[in-house]
Amino acid sequence: MHCVDVLVIGAGPSGSIVSALLNKQKLKVICVEKEKFPRFVIGESLLPNCMNILREAGFLKAVESYGFQYKNGAAFSWRDEYRYFDFCDKSSSGDGTTFQVQRAIFDEILINEAIKQGVEVNFNTAVEDIVFLDKYVEVHLSNNQTIKAKYIVDASGYGRVLPRKLGLEVQSSLSSKKAYFTHIQDNINEILYDRNKILITTHPEFRDVWFWLIPFSNGRCSIGVVGEESKLNINANDEDTLKHHVYLAPMLKRLLNNAS
Ligand SMILES: Cc1cc2nc3c(=O)[nH]c(=O)nc-3n(C[C@H](O)[C@H](O)[C@H](O)COP(=O)(O)OP(=O)(O)OC[C@H]3O[C@@H](n4cnc5c(N)ncnc54)[C@H](O)[C@@H]3O)c2cc1C
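Cut-offs and rules
Residues numbered from 1 in each chain as written. Predicted model: local features only at pLDDT ≥ 70, side-chain atom pairs only at ≥ 80, totals over all residues. Heavy atoms only, no water. Helix = DSSP H or I, 4+ residues; strand = E, 2+ residues; numbered from the N terminus. Contact = heavy atoms within 4.5 Å. Lys, Arg positive; Asp, Glu negative; His and termini not counted. Charge placed at Lys NZ, Arg CZ, Asp CG, Glu CD. Domains from an automatic or database assignment. Buried area = accessible area lost by both parts, 1.4 Å probe. Salt bridge = Lys/Arg side-chain N within 4 Å of Asp/Glu carboxyl O. Polar contact = N/O pair within 3.5 Å; in protein donor to acceptor, adjacent residues only side chain to side chain. Nonpolar A, V, L, I, M, F, W, Y, C, P; charged D, E, K, R; others polar. Pairing = 2+ DSSP bridges. Axes fitted to C-alpha atoms, helices over the stretch in contact; angles between N-to-C directions.

Participant: Can you lay out the overall build of the chain for me, pointing to particular residues and giving the numbers?
Facilitator: When its secondary structure is counted, the chain shows 8 helices and 14 strands. With the C-alpha coordinates aligned to their principal axes, the bounding extent of the chain is approximately 60 × 40 × 35 Å. When contacts within the chain are restricted to residue pairs at least 6 apart in sequence, long-range pairs at least 24 apart make up 67% of them. The chain carries 30 positive and 31 negative side-chain charges, and their two centres are separated by 3 Å.

Next up, the structure:
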């Protein structure tokens, strides 16, 4: 049986970073990822403190050299109103800028850096069961392999492997929300439009329905709407539903008039 100090479930940003940090501590780490990379994930606009974590893991140079969209703040709009915050306008020390990233590429860069540092990664392999024994855990994988680990780290994100296994899931007290999102060629040609900021827009009528517009460095952007299903459902397919809501927001309609 393969024996390790730590088995990490999932090779998203959490999994690749925790694997690299533990590997730096001279622990024997294996990271198990159920997908084949690159794979699509949502969550593309980083916060400046991510830079500290990427630096500590030894990933920052690789991320900086890819050419992701520079990000220095966030802008907010409602109807014709617009405000922005520059993350460098602050009184504390630390990074004030970061990136907006296509996660398929970003996550692959991170895990490849972890592999270069010596972390063993098994892609296309899901953690299927975990048996807790006295001094170690036995982790059963989809490729029929069993790994003996002193510790496990659950970095499975939306997979929530351990909470599901241990019955720790708690119903959120917030109302349930749905998101419709995609990547588009934005063709934004407004001279004053600031690609360096995420643009968060609230719906002209329903203030609890909101949109994100996250520009990338290649002329494309991520666009999405979030809200309660009852406010988003217009009995149309997903693409028409997203378009319908985006074009209700005057600033988004103007900016994305030529988008494809
Ligand atoms: C609509 C929406 C918008 C968002 N926007 C932003 C944003 O702008 N900025 C931001 O910072 N965050 C954003 N987020 C949050 C962001 O998506 C997550 O915080 C982030 O992806 C978490 O990374 P992670 O590494 O923890 O998990 P993930 O990226 O989810 O990675 C977990 C990995 O575990 C793997 N896995 C799951 N189950 C198993 C298993 N049984 N065995 C092996 N592997 C398994 C999965 O395949 C996956 O690769 C957004 C989230 C949503 C829903």
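Participant: Account for the domain arrangement of the chain, naming residues and giving values.
Facilitator: Examined at the domain level, the chain breaks down into domain 1 (2–44 + 102–166) and domain 2 (178–255). Distance from the C-alpha centre of domain 1 to the C-alpha centre of domain 2: 33 Å. When the buried surface of domain 1 facing domain 2 is broken down by residue, Ile 42, Glu 44 and Gln 102 rank first, second and third, together holding 85% of it. In this assembly, domain 1 and domain 2 are joined by 0 salt bridges. Our enumeration of links across domain 1 and domain 2 arrives at 2 residue pairs in polar contact (both at pLDDT 80 or more). The class makeup of the residues in the side of domain 1 that touches domain 2 is 2 nonpolar, 1 polar and 1 charged.

Participant: Before we move on, can you summarise the sheet that holds strand S4 (residues 73–78) with the specific residues and values?
Facilitator: Across the sheet, which stays open at both edges, the 6 strands sit in the order S5-S4-S12-S13-S14-S11 with mixed pairing between neighbours. Sheet topology places strand S5 (81–86) and strand S11 (178–185) at the edges, where each strand pairs with a single neighbour. Neighbouring strand axes in the sheet, compared pairwise and without regard to direction, differ in orientation by 15 degrees on average.

Participant: Give me the lowdown on the sheet that holds strand S7 (residues 120–122), citing residues and values where you can.
Facilitator: In sheet architecture, strand pairing relies on hydrogen bonds along the backbone and comes in two forms, parallel and antiparallel. Spatial strand order, S7-S2-S1-S10-S9-S8: 6 strands in an open sheet with mixed pairing. What marks the edges here is a single partner per strand, and that holds for S7 and strand S8 (127–132). On average, each strand axis in the sheet is tilted by 40 degrees relative to the strand beside it, whichever way the strands run. As judged from the 4 bridges shared by strand S1 (residues 2–9) and strand S2 (residues 29–32), these two strands associate in the parallel manner. Bridging from a neighbouring strand, Leu 7 pairs with Ile 30 of S2.

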